[in-house]
Amino acid sequence: KAVSPAKAVSPSKPVAPTKPVTSAKSAGPLVKVWKVEQSSNWGKSTVKACDVGIRIESNTGSVFVAKPPEWTVVVYRPGQKLASKNPYSRFITKYPHNTRIEKFNYRYAKIKMAGALARQYVLPVNRRLDPNDGFGHTFQAKLEVPFVRDQVITIADDSIKLPLQVKEIWRLYFEFPLVEQVPLEYYMLLGSGEKRYQFQTTAQKYVSVPVSEFDFPAGLNYSAEFMQMIYGKKLEDAADLFFSP
């Protein structure tokens, strides 16, 4: 059943992507990026996204970067030689639950998420959630089978322009099912009234950063697994349990 949209928020003029410019006070060219602070099951992350790449810094110590033309995904930890590398074509197959927005037959409300233009969907569920059903893996480690009233999903508005590859890498990093959409918030409203969050956006703004932020150190040893680099060695076993199929 479709959900009626809330009162629409009048869109403001989006900030257009800019090409790198040289600053006299910097060591190299700067580029304007969309900087988004997010909190998720992965911990707290800072995402920087624009035409020239995507960078995700996690509070676990990992740095995740990809840039054109190949969009190869590299995850490393500063000060370590061990790293993970995945071709774009392989990385975009890492999450099996993929839905195109055209098939997502729900109405949405135009809202603002941390000040950014966004689209929010409310999906009635009204059942106990199977741990193997989409975002059900959120509860897998806790062996819960909660009764879920609604799923609430918020994505970036189409007026926020980013390369398709950036959107795909971003949403797959957070294991988000909507193809070519930027995830801003996802939570389940349980029967008890509790909101169980998969991720949230806590802040966002446009800033200028050195274009070199989308590079990665030379001489890395790409023999590590993706999850090992995201969580670090001490949390690797916990990560394997949490994200096991």
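Residues numbered from 1 in each chain as written. Predicted model: local features only at pLDDT ≥ 70, side-chain atom pairs only at ≥ 80, totals over all residues. Heavy atoms only, no water.

### Thoughts on the packing of aromatic side chains
Step number 1: This structure, assessed with the given rule, holds 13 aromatic pairs.
Step number 2: On the basis of an interplanar angle of 75° and a centroid distance of 4.9 Å, the ring pair of Phe 64 and Tyr 173 is categorised as edge-to-face. Highlighted residues: Phe 64 in strand β5 (residues 63-66) and Tyr 173 in helix α2 (residues 164-173), separated in sequence by 109 residues.
Step number 3: Tyr 173 gets classed as buried once you look at its relative accessible area, which sits at 0%.
Step number 4: Relative to Phe 174, the ring of Tyr 173 lies with its centre 4.9 Å away and its plane at 80°, an arrangement referred to as edge-to-face. (Phe/Tyr/Trp six-rings, centres within 6.5 Å; stacked < 30°, edge-to-face > 60°. Helix = DSSP H or I, 4+ residues; strand = E, 2+ residues; numbered from the N terminus. Buried < 20%, exposed > 50% of the residue type's maximum accessible area, 1.4 Å probe, protein only.)

### A few points about unusual backbone geometry
Step number 1: Between Pro 68 and the following residue, Pro 69, the backbone shows a cis peptide bond with an omega angle of 5°.
Step number 2: Along the polypeptide, Pro 69 turns up in the loop between β5 and β6 (73-76).
Step number 3: The phi dihedral of Asn 126 is positive, around 55°, even though this residue is not glycine.
Step number 4: Its location among the elements puts Asn 126 in strand β9 (residues 116-128).

### Section: the side chain of Asp 150
Step number 1: With respect to the element layout, Asp 150 can be found in strand β10 (residues 147-156).
Step number 2: The buried charged residue Asp 150 lacks any salt bridge partner; its closest oppositely charged side chain belongs to Arg 149, at an N-O distance of 5.4 Å.
Step number 3: Excluding residues that lie within four positions of it along the chain, Asp 150 makes contacts with Val 122, Leu 123, Pro 124, Val 125, Tyr 187, Met 188 and Leu 189. (Lys, Arg positive; Asp, Glu negative; His and termini not counted. Salt bridge = Lys/Arg side-chain N within 4 Å of Asp/Glu carboxyl O. Contact = heavy atoms within 4.5 Å.)

### Quick word on α2
Each α-helix turn comprises 3.6 residues. Residues three or four places apart therefore point the same way.
Step number 1: α2 sits mainly inside the fold: seven of its 10 residues count as buried.
Step number 2: Those residues of α2 lying buried are Val 166, Glu 168, Ile 169, Trp 170, Arg 171, Leu 172 and Tyr 173.
Step number 3: Glu 175 sits one or two positions beyond α2 and adopts a positive phi of about 55°.

### Side note on the confidence of the model for the protein
Step number 1: Looking at the protein, pLDDT values average 82 and 78% of them are 70 or higher.
Step number 2: Long-range and interchain partners of residues 1-17, a stretch whose pLDDT sits below 50, account for 23 contacts in this model, where long-range means more than four residues apart.
Step number 3: For the stretch residues 134-141, pLDDT sits under 50, and the model shows 33 contacts to residues farther than four places along the chain or on other chains. (pLDDT = per-residue confidence, 0-100.)

### A look at the pattern of salt bridges
Step number 1: In this structure the tally under the stated criterion is 11 salt bridges.
Step number 2: The partner of Glu 175 in a salt bridge is Lys 94, with the nearest N and O atoms 3.5 Å apart. Residue Glu 175 is located in the loop between α2 and β11 (183-190), and its partner Lys 94 is located in the loop between α1 (88-91) and β8 (109-113); the two are separated by 81 residues in the primary sequence.
Step number 3: Residues joined in a network through salt bridges with shared partners are Lys 48, Arg 55, Glu 57 and Glu 213.

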